[in-house]
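# A look at the structure
Residue-level listing of the chains:
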Number of protein chains: 2
Amino acid sequence: MVSLTEDTTPGGIAPLARRSTAEIVAERLREAIMHGGLAPGSQLGEIDLANRLGVSRGPLREAMQRLVQEGLLRSEPHRGLFVSTLDEEEIRDVYTARLAVEGAACQLIMRGDRALAVAELTSAHQRMVAAAAADDRVAFSDADQLFHQRLVAVSGSQRLERMAQTLLVETRMCLTALQETYRPSGDTVEEHRLLVDAIEQGDEQLLLERLEAHMTEAVERLTSAS
Amino acid sequence: MVSLTEDTTPGGIAPLARRSTAEIVAERLREAIMHGGLAPGSQLGEIDLANRLGVSRGPLREAMQRLVQEGLLRSEPHRGLFVSTLDEEEIRDVYTARLAVEGAACQLIMRGDRALAVAELTSAHQRMVAAAAADDRVAFSDADQLFHQRLVAVSGSQRLERMAQTLLVETRMCLTALQETYRPSGDTVEEHRLLVDAIEQGDEQLLLERLEAHMTEAVERLTSAS
DNA sequence: AAGTGTAGGATTGTCGACAATTCCCGTGGT
DNA sequence: ACCACGGGAATTGTCGACAATCCTACACTT
């Protein structure tokens, strides 16, 4: 039985608030869905998964209910749980919601700590540049996800951050499924840089326009590939 | 043991998709939190709740994990689950998120079926008027909630609708907690009517302005009372 | 041959009991 | 009077087993 509660902060004293098993398992499942370990549409056998994770069916089922609430899993009573599939319309919906959430985050950033935002996002952007240079698809997607995670995180809104997390997992799920056709592109890198620039300049209108353009471009790239 | 799976469509043939127990229990818990049956900050005893709902601890725990994921419950490992409390900052956060979600829904409505939206929202608005006339606080809150539920529902975005659901429950939780000071007001009724009017006119800019004003007013009413 | 009915197998849904951890409170010491 | 220190109770977390349900495949009827 593998230990699920590994302490991530060796020197830290404060993080005494260990997380519940269901939360940890849910995170593992999210990662698996994101990286394609659990393909869209596939059924999740409880006994198999429980054994693989080293936990019993109880905590596993609790974790799965979390993902059902998030929309990542679909529940068919007495049939089982399946990884959600995203058709073209759903992809558009994801990006519509992302635009709403991240747009609101941008507005908060403009009224808040812009310097912090620029610092955080520039750091994430540099990772994108490096990943693109190395032509590392996984690292590129990681950096892309990190960029948008930080965008909503520095907004300071817990709810926008939580909503964005789910949406980013869904986004990542698409990218992984279409891994063949999706490659690091200079355009994508540039789009993110333009966002940071707009924040630095303090031009809210410009920022929102560029964010919308960024989302539109992303949908275009994904739907044209499928 | 009481039957939880009551068929709502006697004559219908298609709706065979019965919902899972966890989903039903989660909905019951949401209602209880909304209406004050479970006060903010109070702990949820598992055995007691399970007995009261007529289910075992297993399904109940699964349902509770859903609410934890939604943010309605807070989990403290080995301590228990508590109903989330909302301080003033959190209330502002809720309305920030609501503005983002409902604003996006409004934009979709403007590009979609405006007539349907007007019909649905007018109907909900009439309930508000009636509740205000009868000075029925609960019915008034019900109508208010229904109005905003329909607003996101007619947008056609599943994700915006799901996000809004959680936010509306949190909103309702505040209203219930502050039930003493919150009363049906003509201003609130009028604000909703202005929203419907803006949709009917097809003026997106005006609609968004009025929506933002509506949210701001609501925050004002709630925070000044506490 | 096509469709229907039925038995088998497998999976999910549910339940009760056991183990682990935490908090409360009484006791003793300083 | 205050603080440190266990003992005990209550609650959560976990687990394995039982019951209900559904899919598959095969035999039977028309």
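Please read all numbers here as calculations on a predicted model, not as lab measurements. (Residues numbered from 1 in each chain as written. Chains lettered and ligands numbered in written order. Predicted model: local features only at pLDDT ≥ 70, side-chain atom pairs only at ≥ 80, totals over all residues. Heavy atoms only, no water.)

Evaluated as defined, the whole model comprises 0 disulfides over all chains. Considering cysteine sulfurs only, Cys 106 of chain B is the nearest to Cys 106 of chain A, which forms no disulfide, with 20 Å between them. (Disulfide = S-S within 2.5 Å.)

In this section: the protein's contact with DNA strand C. Near DNA strand C you find 19 residues, and of these Arg 57 and Arg 61 of chain A together with Thr 21, Ser 56 and Arg 79 of chain B are the closest. Near the protein, within 4 Å, the atoms of DNA strand C are sugar or phosphate in 74% of cases. Leu 44 of chain A places a main-chain nitrogen or oxygen 3.3 Å from a phosphate oxygen of DNA strand C. Listed by contribution, the elements that provide at least two residues to the surface near DNA strand C are α2 (46-53) and α3 (57-70) of chain A together with α3 (57-70) of chain B. Residue composition of the surface near DNA strand C, grouped by class: 6 nonpolar, 7 polar and 6 charged. (Near = heavy atom within 4 Å. Polar contact = N/O pair within 3.5 Å; in protein donor to acceptor, adjacent residues only side chain to side chain. Helix = DSSP H or I, 4+ residues; strand = E, 2+ residues; numbered from the N terminus. Nonpolar A, V, L, I, M, F, W, Y, C, P; charged D, E, K, R; others polar.)

Let us now look at helix α5 (residues 114-134) of chain B. Residues and elements named next belong to chain B. Between its first and last C-alpha, α5 extends 30 Å over 21 residues, near the 30 Å set by a 1.5 Å rise per residue. Every buried residue of α5 is accounted for by Ala 117, Val 118, Leu 121, Ala 124, His 125, Met 128 and Ala 131. Viewed along the axis of α5, the buried residues span an arc of 150°, placing them on a single side of the element. Seen from the open side of α5, the exposed residues pointing more than 90 degrees away from its buried face are Ala 115, Gln 126, Ala 133 and Ala 134. The residue sitting at the N-terminus of α5 and contributing the capping side-chain oxygen is Asp 113; that oxygen lies 3.4 Å from the backbone nitrogen of Ala 115. (Expected span 1.5 Å × (residues − 1). Buried < 20%, exposed > 50% of the residue type's maximum accessible area, 1.4 Å probe, protein only. Arc of directions from axis to C-beta.)

The environment of DNA strand D is made up of 18 residues, and the closest members are Thr 21, Ser 56 and Arg 79 of chain A together with Arg 57 and Arg 61 of chain B. Across the atoms of DNA strand D situated within 4 Å of the protein, the share located in sugar and phosphate is 76%. A distance of 2.9 Å is found between a phosphate oxygen of DNA strand D and a side-chain nitrogen or oxygen belonging to Arg 61 of chain B. One of the backbone N or O atoms of His 78 of chain B is found 3.4 Å from a phosphate oxygen in DNA strand D.

Moving on, we get to the interface of chain B and chain A. At the junction of the two partners, chain B supplies 33 residues and chain A supplies 34 residues. For Glu 62 of chain A, the salt bridge goes to Arg 61 of chain B, with nearest N and O atoms at 2.8 Å. There are 16 residue pairs in polar contact (both at pLDDT 80 or more) connecting chain B and chain A. Of all elements in the fold, only α1 (21-34), α3, α4 (88-110) and α7 (158-177) of chain B reach the threshold of two or more residues within the side of chain B that touches chain A. For the side of chain B that touches chain A, the residue count by class is 13 nonpolar, 8 polar and 12 charged. (Contact = heavy atoms within 4.5 Å. Salt bridge = Lys/Arg side-chain N within 4 Å of Asp/Glu carboxyl O.)

Now for the relation of the copies chain B and chain A. Two copies of a chain can be linked by a rotation about an axis combined with a shift along that same axis. Under the fitted operation, chain B is carried onto chain A by 0.0 Å of movement along the axis and a turn of 180°, and the coordinates agree to an RMSD of 0.0 Å. Such a turn and shift between the copies fits a two-fold axis. When you check the interface residues of chain B against chain A, 100% turn up at the interface there too, and the contact is symmetric in its surfaces. (Least-squares fit on C-alpha atoms with pLDDT ≥ 70 in both.)

We now examine unusual backbone geometry. In this model, His 78 of chain A sits at a positive phi of 65°, which is unusual for a non-glycine residue. Position of His 78 of chain A relative to the elements: it lies in the loop between β1 (73-76) and β2 (80-83).

Okay, the confidence of the model for chain A next. Averaged over all residues, the pLDDT of chain A is 88; the fraction at 70 or higher stands at 90%. Across residues 1-16 of chain A, where pLDDT falls below 50, the model places 11 contacts with residues more than four positions away in sequence or in other chains. (pLDDT = per-residue confidence, 0-100.)

So, on to the domain arrangement of chain A. Residue and element names in this part refer to chain A. Parsing chain A into structural domains produces domain 1 (21-83) and domain 2 (88-225). One C-alpha centre belongs to domain 1, the other to domain 2, and the line joining them spans 26 Å. Contacts between the two partners involve 10 residues from domain 1, matched on the other side by 9 residues from domain 2. Interface area, domain 1 with domain 2, both sides summed: about 840 Å², of which 68% is carbon and sulfur. On the surface where domain 1 and domain 2 come into contact, there are 0 salt bridges. Put simply, domain 1 and domain 2 have 2 residue pairs in polar contact (both at pLDDT 80 or more) between them. Here the side of domain 1 that touches domain 2 takes 3 residues from helix α1 (residues 21-34), the largest share from any one element. (Domains from an automatic or database assignment. Buried area = accessible area lost by both parts, 1.4 Å probe.)

A word on the pattern of salt bridges. Once their charged atoms are close, side chains differing in charge can pair, the charge on each being opposite to the other. Taken as a whole and assessed by the stated rule, the structure comprises 37 salt bridges over all chains. The residue Arg 98 of chain A makes a salt bridge to Glu 102 of chain A at a minimum N-O spacing of 2.9 Å. Placement of both Arg 98 of chain A and Glu 102 of chain A in helix α4 (residues 88-110) is noted, with a separation of 4 residues, approximately one turn of the helix. Each member of the pair, Arg 98 of chain A as well as Glu 102 of chain A, is classed as buried. Across the pair Arg 193 of chain B and Asp 197 of chain B runs a salt bridge, and its minimum N-O distance is 2.6 Å. A residue pair is termed a helical-turn pair when its members lie 3 or 4 positions apart in one helix, as Arg 193 of chain B and Asp 197 of chain B do in helix α8 (residues 186-201) at 4 residues. Several salt bridges converge on common partners, so that one network encompasses Glu 46, Arg 57 and Arg 61 of chain A together with Glu 62 of chain B.

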